[in-house]
Structures are given as C-alpha cells and as structure tokens.
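Residues per chain are reported as follows:
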Amino acid sequence: MIWLVTTIVAKVASSSLLDLFNLKQSCKSLFEVGQDDYVFKTVSMEKVPDVAWTSLSKGATFFVRRCQESENPEALFRLGMTEYFGHGQVKEGHTLLARAAYLGYPAASYVLGIVLICTATDNQTILQGVELLKNALRLKKLSRERTESIIRQMWLKNYIDIPQRSLCSNPNCSKVNNNDLMDDEEEVGNCDACKYDEEIQLFCNKMLRGL
Ligand SMILES: [Zn+2]
C-alpha cells in the first residue's frame, strides 16, 4: 500500500515541483510519503534554476538538498558540473558526474566522456570516455542542449583542453578534415573517431570558451 502511494506521489512529483509541494500540504500521511527518497530521486527539478544567483528560498534549498541526497540524477549532474567546472573541485565533480551517468543521465555521460578523453593519461581511460560519449551521442541533441544550457549559466573556474593527439588516426580522415570537407563528407560522416574529435572540439572551444 505504502509502495503504491509512493509510486503515485512520485508520478505526480515527476511532473511538477509545485504539484509535489501542493500534494505534501494536502494530507499529513501523504506528506510523510512525500519525504520518501524515491520521490526525491524521480522528481522533476525543472522549476528550480540551475544556478541560483541569489540564495534560494528555505523550501527550495531543502528540496534541492533532498534531491541530491536521494541521488536524483538531475541534481547530481547540476552539482557535479558546479563542482568540476565552477569550483574546480575535480575529484568531487568527477564522482558526481559518474554517479549521474551511471543512473542514465545522458548529459552526464556526455560531459564525463569528454572529460575522461581530455584528461586521460592511459588508453583504458580514453576507451571508457569514448564508450560514455558514444552512448550519450545516441541522444545528441538532448545531451548537447542540456550541457550547453548549464554551462552558459555558470561562472567557470576550471577548463579542460582538447587532447594533443586526436582520436582518429586515419590519415585519409585528417586529410579530409584539413582540406575540402564537401568532397569527402560521407567519409567524415562514417568515421566514429572523427565524430568524437569534433564533439570534443565543440565542447572545449564553443561551450566552455565561447569560441
Ligand atoms: Zn576519422
């Protein structure tokens, strides 16, 4: 019974933060269910701004903290981005992004994949990064837009650089990249490594540095 009510609350909550507040206030027993981790793990955070320029209200602060504690993937992603790029807390940011990616949040896989490729000191890490990026690019539009929107709202303290060695080592591809794209466009389109290289450039140059 409690599980059923929890599921219903989570369903309502995932549609709107406001609904959750209303629902919690409407009934004492529902309020108690509304404290359940599952509700906070699945609730939508769209009504809470990504980056609070002024301090959030007490209720909103509590809400965000509960979402983080309950491992809401969106909350983990926001905090991970803030720690990694906003505060330069690389280790904490990395852990949070990894958790959000593990929970299936595409933008977290996208960012973490690129971070791993750009900061790797061994091939194994590069391969992990490529795997994450590959998965995220199945939802390319969603991953890019979510990442770009949060970065646009942040003060950045920490940047990552494009690796010196590109992922694609096919000489025909690099020739295509440097010369006329139009003639061999199909070939570029078919090379996965080139696609990842381009995505890394997009992230490091355009999204992070506005170039
Ligand atoms: Zn290539």
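So, a few notes on the structure that sits alongside this text. Computed from a prediction, not measured in an experiment: that's the story for all the values here. (Residues numbered from 1 in each chain as written. Predicted model: local features only at pLDDT ≥ 70, side-chain atom pairs only at ≥ 80, totals over all residues.)

Regarding the overall build of the protein
So, step 1. Helix and strand content of the protein: 13 helices and zero strands.
So, step 2. When the helices and strands of the protein are listed from N to C terminus, the series reads α-α-α-α-α-α-α-α-α-α-α-α-α.
So, step 3. Residue pairs in contact within the protein that sit at least 24 positions apart in sequence constitute 60% of those at least 6 positions apart. (Helix = DSSP H or I, 4+ residues; strand = E, 2+ residues; numbered from the N terminus. Contact = placed C-beta atoms within 7 Å.)

Quick look at helix 9 (residues 123-136)
So, step 1. Under the 1.5 Å per step criterion, the end-to-end length of helix 9 is 20 Å for 14 residues, consistent within 8% with the ideal 20 Å.
So, step 2. Burial in helix 9 covers these residues: G129, L132, L133 and A136. Projected onto a plane normal to the axis of helix 9, the buried residues spread over an arc of 95 degrees and lie on a single side. With respect to the buried face of helix 9, the exposed residues turned more than 90 degrees away are N123 and Q124.
So, step 3. Residues of helix 9 that are buried make contact with helix 7 (90-102), helix 8 (106-119), helix 10 (140-152) and helix 13 (192-209). (Expected span 1.5 Å × (residues − 1). Buried ≥ 20, exposed ≤ 12 C-beta atoms within 10 Å, placed from the backbone. Arc of directions from axis to C-beta.)

Re the environment of Y105
So, step 1. Tracing the backbone through its elements, the reader meets Y105 in the loop between helix 7 and helix 8.
So, step 2. The spacing of Y105 and L76 is 29 residues in sequence and 9.4 Å in space, taken between C-alpha atoms.
So, step 3. Apart from the residues within four sequence positions on either side, Y105 is in contact with P73, E74, F77 and A100.

Let's talk about the packing of helix 8 against helix 10
So, step 1. The interhelical angle for the contact between helix 8 and helix 10, taken along N-to-C directions, is 75 degrees, at an axis separation of 8 Å. Judged by the inter-axis angle, helix 8 sits roughly perpendicular to helix 10. Together, P106, A107, Y110 and V111 of helix 8 and L142, S143, R146 and T147 of helix 10 make up the contact between the two elements.
So, step 2. Classifying every residue of the contact of helix 8 with helix 10 by side-chain character gives five nonpolar, two polar and one charged. (Axes fitted to C-alpha atoms, helices over the stretch in contact; angles between N-to-C directions. Parallel < 35°, antiparallel > 145°, perpendicular 65-115°, else oblique. Nonpolar A, V, L, I, M, F, W, Y, C, P; charged D, E, K, R; others polar.)

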